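Remarks on the overall topology
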Amino acid sequence: MPPGIPQRMSHFNPVATITPVPPVLPRPSGVVDDDHAMASALADNRALVIMLETVRAGRPVHVEYIPARPGHAGDWPEWVPRALVDAWAARGIRAPWSHQVIAADHAQAGRNVILSTAAASGKSLGYLMPALTSVLAGDTALYIAPTKALAADQLASVRSLGLPGLQAACFDGDSSRTERDWARSHARYLLTTPDMLHCALLPGHNRWSGFFSRLRYVIIDECHGYRGVFGSHVGHVLRRLRRVVAHHGGAGPVFLLASATIGSPAACARLLTGLDAEEVTQDGSPRGPLAFALWEPPLAEARGDAGSRVRRTATAHTADLLAALVRENVQTLAFIRSRRGAEAVAMAARRVLESASAEPLVAAYRSGYLPEDRRRLEAALCEGSLVGLATTTALELGVNITGLDAVLIAGWPGTFASLWQQAGRAGRSGRSAAAVLIARDDPLDTYLVRHPEILLRHPVEATVLDPANPYVLAPHLCAAAGELPLTERDLETFGPAAHAVVAELTRSGRLRRRADAWYSMRRFSTAPGGLRGAGLAPVLVVEEATGRLVGTVDEPSAHLLVHDGAVYVHQGEGYLVRRLDLDDRVALVEPGDPGYSTTARDTTEVEIRATREQMTWGEAEIRFGDVQVTRQVTGYTKRRPDTGAVLGEEPLDLPPRQLLTRAVWVTVPAAQREMLAAAGIDLAGAAHALEHACLGLLPLFATCDRWDVGGVSADLHPATGRLSVFVYDGHQGGAGFAERGFLAAAGWLEATRQAIAGCDCETGCPSCVQSAGCGTANHPLSKRGAVALLDLILGNSQG
Ligand SMILES: [Zn+2]
Ligand SMILES: [Zn+2]
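Residues numbered from 1 in each chain as written. Chains lettered and ligands numbered in written order. Predicted model: local features only at pLDDT ≥ 70, side-chain atom pairs only at ≥ 80, totals over all residues. Heavy atoms only, no water.

1. Notes on the overall build of the protein chain
Along the protein chain, the regular secondary structure elements total 27 helices and 31 strands. By sequence separation, contacts in the protein chain at least 24 residues apart represent 72% of the contacts at least 6 residues apart. With an accessible surface of roughly 31,400 Å², the protein chain has 51% of that area assigned to carbon and sulfur atoms. (Helix = DSSP H or I, 4+ residues; strand = E, 2+ residues; numbered from the N terminus. Contact = heavy atoms within 4.5 Å. Areas by Shrake-Rupley, 256 points an atom, 1.4 Å probe, with all protein chains shown as cover.)

2. Re the coordination of the zinc ion (ligand 1)
At the metal site, the zinc ion (ligand 1) is ligated by C759 (SG), C761 (SG), C765 (SG) and C768 (SG), and these contacts range over 2.2 to 2.4 Å. One can describe the site at the zinc ion (ligand 1) as tetrahedral: its four donor atoms subtend angles covering 101 to 119 degrees at the metal. Within one chain, the residues donating to the zinc ion (ligand 1) are spaced in sequence as C-x1-C-x3-C-x2-C. For the residue pair C765 and C768, the accessibility class agrees, reading buried in each case. (Donors = N, O, S within 2.8 Å, 3.2 Å for Na, K, Ca; no water. Tetrahedral: all angles 85-135°; square planar, octahedral: opposite > 155°, others 65-115°. Buried < 20%, exposed > 50% of the residue type's maximum accessible area, 1.4 Å probe, protein only.)

3. Details of the side chain of H236
By the secondary structure assignment, H236 is in helix α10 (residues 228–247). On the basis of relative accessible area, H236 is assigned to the buried category, the value being 0%. Contacts of H236, omitting those with residues within four sequence positions, involve P467, V472, L473, H476 and F494.

4. Focus on helix α12 (residues 314–327)
Helix length check: α12, at 14 residues, gives a terminal C-alpha distance of 20 Å against a target of 20 Å (1.5 Å per residue), a fit within 8%. The buried fraction of α12 is high, at 11 of 14 residues. Taken together, the buried positions of α12 are occupied by A314, A316, H317, T318, A319, L321, L322, A323, A324, L325 and V326. Positive backbone phi, at 60 degrees, marks N329, one or two positions downstream of α12. (Expected span 1.5 Å × (residues − 1).)

5. Focus: helix α20 (residues 498–507)
Restricting attention to buried positions, one finds in α20 the residues A498, V501, V502 and L505. Viewed along the axis of α20, the buried residues span an arc of 100 degrees, placing them on a single side of the element. Relative to its buried face, α20 has exposed residues pointing more than 90 degrees away, namely A500 and R507. Each element contacted by the buried residues of α20 is listed here: α18 (470–483), α19 (488–493), β19 (511–513) and β20 (518–520). Positive phi appears at G509, one or two residues downstream of α20, with a value of about 85 degrees. (Arc of directions from axis to C-beta.)

6. Re the sheet that holds strand β10 (residues 278–280)
Within a sheet, neighbouring strands are paired by backbone hydrogen bonds and run either parallel or antiparallel to one another. Judged by pairing direction, the sheet is parallel, and its seven strands sit side by side in the order β6-β7-β5-β8-β9-β4-β10 without closing on themselves. Edge positions in the open sheet fall to β6 (168–171) and β10, since each of these has one partner strand only. Sheet twist, expressed as the average angle between the axes of neighbouring strands with direction ignored, equals 15 degrees. Note that strand β8 (residues 215–220) and strand β9 (residues 254–259) share four bridges and pair parallel. If you follow Y217 over to β9, its bridge partner there is V254. (Pairing = 2+ DSSP bridges. Axes fitted to C-alpha atoms, helices over the stretch in contact; angles between N-to-C directions.)

What follows is the structure, encoded as structure tokens:
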């Protein structure tokens, strides 16, 4: 064993793999008992060695070695003009990879195509070959990115080709009037976001007639980001685009979609665009070897709710790993679930490194920052003056930030697709890199790091979106009617749910039926609402003393993050919220770190509106249907930031918020309740523990974030008269997650049982039935009761 590799190595359970990183999922080929081979693989991996030597607390429970993959180059298609080939050659691209050629050939032949391969596999060349070829021949192409920052990156990259006659421009919220005018009269390659398409380009389509009439290609980049409610909105924006292009005589543009590795990419393309598409998933690009470590933080000194044992937080452990790597000048990206977590990790890593350097080597990066701050951070990371970056999701991060030596993922990122997308930011050809998943102290993370065979081999999910959601469909049908009168044929474009929604809009006077079509009655109304969040303007976070804008928070999050007395963290700086004014949409803050963090507490009530589907397992029932949820933030808890230990509670007076949404619920009748009660089981605690654990495991089956869904449970719920556990979509009109839970109920509840019963705590801990987001501070809770309840429910699930 080479020096410097700690003895702890022998506790690893390394699995050799012979196939490349997913989408071609590695197959386990047996445990390697040749310690020496594994040790040399690790010794070669500088990032992993530094982490093992420096951070001795806790241990990786598993290290997977994913070997390098050679590339498969293709030939330039003969239809790509010489000028383009030369321009790419001048930038060092001698030949395209095979997947780029296959996708480009489909598009050139007029077939819609979705290219779904790993991060940094060069998807852009796949869509740029046909798009720029057609632009040089006099057609136009539209490029749509989920963020302005990504569109700006792509514009810079296209302009750097230095092609005469390639008139490219961004059209976004940052463009000046002159830039917009230039773009409208001259741009052949236009880069924008779905938001701008929705609120400016489509409503003003008549002024863009020249552009739309020659539109040959529509590129939808990073399309895996269009999921849930936002994805459903984008799907309708694209249907409106198809209609507008047809109106201006465009010949039905070809859609080119680029996505990270996702399941069923063609189905995703169909949900988004309403059209069939070819899928290309065989990645021809090369990549360096990657060591993937699964790390469980050590148990903490402090005790949690009800005296349970708690682990050190994933963010604190990530900060230690980040500091260790940055000190050795290893460029590292740390992905953190929450905005606050990203700030906290950057701040803690900086504190550890303080003595080493005057210049901050570590920064935080997240949505809500002003664009100039984000561009400055990206540039610093690219040139190497910044060594570590703690960031929220991959989608917010500039796409050109790849090829890092190490990636730290603090907590399960929500989907297998995101896991591989984030890990894919590490590694460049010919160099070995490390990716680390640091488990949070919750049921899903614990379940996954202890089941590496699931974590590393589970197929990547399909994206979930539901364009038939009437709450999403209605504003787009109104907007569409404002753009061009809606005909019977148009309704087909918007899907089978459109007829009922149009009828309702006509009844309520928002559309008017004439002989030939439906017309908008709000033609002169203000711009339509936004695509992200509830359509309300975000809450501005403003420094009270100076009036300086610190950042923004969306409406639903404002109740939880910037209520009176909340501690709000921004770019490593703590702020105390003096006052939240929901009418003026502003939170007034003062700088300073009070030495504690805050968590909002809330109450939730559920009323059933309709049952859509149901099944019975013996006496137990599982239903799926429409519900009304009423949530109210009633107070907050102050906690120690390092251990999460409770310091105090404060009441709050915020208005309730109502949600009409969909839910899946499990119920057990009186006779069975009594059986459990007779066995000494605390029924309310059992239902509550089951609610927490099944909420925790649902992301594995429904491709949601833990915070996309909410739960309610009761020993005897007034809505059902039975012991009940509800799990609902946290979005107006639903988002498809609860429905997936219903469809996968048997597997979901079985995994939930395994997660609870398999935890070695006695009475429940954050790894099984406790939840950090619990509105009642994890009381009451019965771990034993949850297992008994699940046994009862699952007992008849096969029948
Ligand atoms: Zn436990
Ligand atoms: Zn709870």
